[in-house]
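Letter by letter, the chains look like this.
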Amino acid sequence: MTVLGEERPAWREVGGRVVERAAGGTPLARLETLARTSADPIGWRFRQPAAALFWWGSGVRELRLAVDGRPFHDVVTATNSLCYIPPDTEVTGTFAIDGLCRYTVLFLDPDLAADHDLPAPRRALVGFDRPPLVRALREVTAEAAAPDETFDLFVDGVARQSLAHLVRLTRGAEPAPPAAGLPAGTLSRLDGFVRRNLRDPVTVDQLAAVAGFSPRHFLRSFRRSTGVTPMRWVLDLRLREAEHRLAATADPIGVIAADCGFSHPQHLSTAFRRARGVSPSQYRAAR
């Protein structure tokens, strides 16, 4: 399989320093496992004629990407460590790492879907979970470290399995929010994002990007999931953290207010009294 095409422009530019790399391929797929180091977020510019499935194995914390111009901001966890980029899709942006990251890329032959009379998955997926697929990628990654005569079978097997999962995941039109609301994994990602950015303003557009939906779809789906607006939910997270700090620490109320994203102590006091019925000082004294 040819990863770099000649007919359309293709790029694969990644920052940081490669400290480990293993690769192997068959007519169906090419597998690469890499380890990179960097003290700063790693710049990424990517476009390939083959579909690419990324598994962020370890060390990748956050993605800030534009995929064919559509923004994605994703906090990477064990439950959203997969990323699918369709053929000829342009990706630009950065990913932040913990000094060292390890990840696996599986490039799929563009004709693999047609060979099985299946529609080629054409929609990008950033930050999704598929436990059977993660297990398969983890296994083939381990095999790549010391390949033997059976390695090609592992690569072909994970290529076919990946295609099956991706066809199911991308079947139909652009994603709409689930009728019952956001999945638990998405809500967990949103919770982690807000807690990591508690001191800073958080907007609906940012939350929608983390969830992978348009702001309009996100607002509707979020209310189905939580019963409140996203901004009310963010305020509740800030108040719960302030409540914990008031009870468990001796930090000044002004410091707690700033750390929890309130513009000044009176802002915290007003919101706290409205939600809890007492001022922060009264709450602390009662505890």
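This write-up is about the structure you can find in this document. Here, residues in each chain are numbered from 1, in the same order as that chain's written sequence. Side-chain atom pairs in this predicted model are given and counted only at pLDDT of 80 or more, local residue features only at pLDDT of at least 70, and totals for whole chains, interfaces and linings cover all residues. Excluding hydrogens and water, the side-chain figures rest on all heavy atoms present in the structure.

What follows deals with the nonpolar core. Think of a nonpolar core as a cluster: buried Ala, Val, Leu, Ile, Met, Phe, Trp, Tyr and Cys residues, connected wherever their side-chain atoms sit within 4.5 Å. Relative accessible area decides the class of each residue, using a 1.4 Å probe on protein chains only: under 20% of the type maximum gives buried, over 50% gives exposed, and in between gives partly exposed. L190, V194, L207, F218 and L268 are the most contacted members of the largest nonpolar core, which totals 28 residues. If you tally residues by element for this core, the top one is helix α7 (residues 230–248), at six residues. In this structure, L82, L108, A113 and V167 belong to the second largest nonpolar core, which totals 27 residues. Under the scheme used here, helices are H or I runs from DSSP no shorter than 4 residues and strands are E runs no shorter than 2 residues, and both carry numbers assigned from the N terminus.

Before going further, it helps to examine the pairing of strand β8 (residues 91–108). By this definition, two strands are paired if DSSP reports at least two bridges between them. The pairing of strand β3 (residues 29–37) with β8 spans nine bridges and is classified as antiparallel. Counted as the bridge partner of E32 is V105 from β8. Pairing of strand β4 (residues 42–47) with β8 involves five bridges; the strand directions are antiparallel. From the neighbouring strand, G43 faces β8, where its bridge partner is T94. Relative to β8, strand β5 (residues 51–67) runs antiparallel, the two being bridged by 14 bridges.

With that settled, the discussion passes to the pattern of salt bridges. Opposite charge on two side chains makes pairing possible when the charged atoms of those side chains draw close. Take a side-chain nitrogen of Lys or Arg and a carboxyl oxygen of Asp or Glu: if they are within 4 Å of each other, that pair is a salt bridge. The final tally for this structure, using the stated rule, is 13 salt bridges. Residues E32 and R21 are paired through a salt bridge, measuring 3.3 Å at the closest nitrogen-oxygen approach. In this pair, E32 is assigned in strand β3 and R21 in strand β2 (residues 17–25), connecting sequence segments 11 residues apart. Among the salt bridges present, the one from E243 reaches R276, with a minimum N-O distance of 2.8 Å. Here E243, found in helix α7, pairs with R276, found in helix α9 (residues 265–276); they are 33 residues apart in sequence, far enough to count as distant. For R276, a relative accessible area of 31% puts it in the partly exposed group.

The span expected for a helix works out to 1.5 Å for each residue beyond the first. The end-to-end C-alpha distance of α9, which contains 12 residues, comes to 16 Å, matching closely the 16 Å that a straight helix rising 1.5 Å per residue would cover. What α9 keeps buried is the set L268, S269, A271 and F272. On the buried face of α9, the contacting elements are α7, α8 (253–259) and α10 (280–286). With its phi angle positive at about 85°, G277 sits one or two positions after the end of α9. Contact criterion: two residues are considered in contact whenever any of their non-hydrogen atoms come within 4.5 Å of each other.

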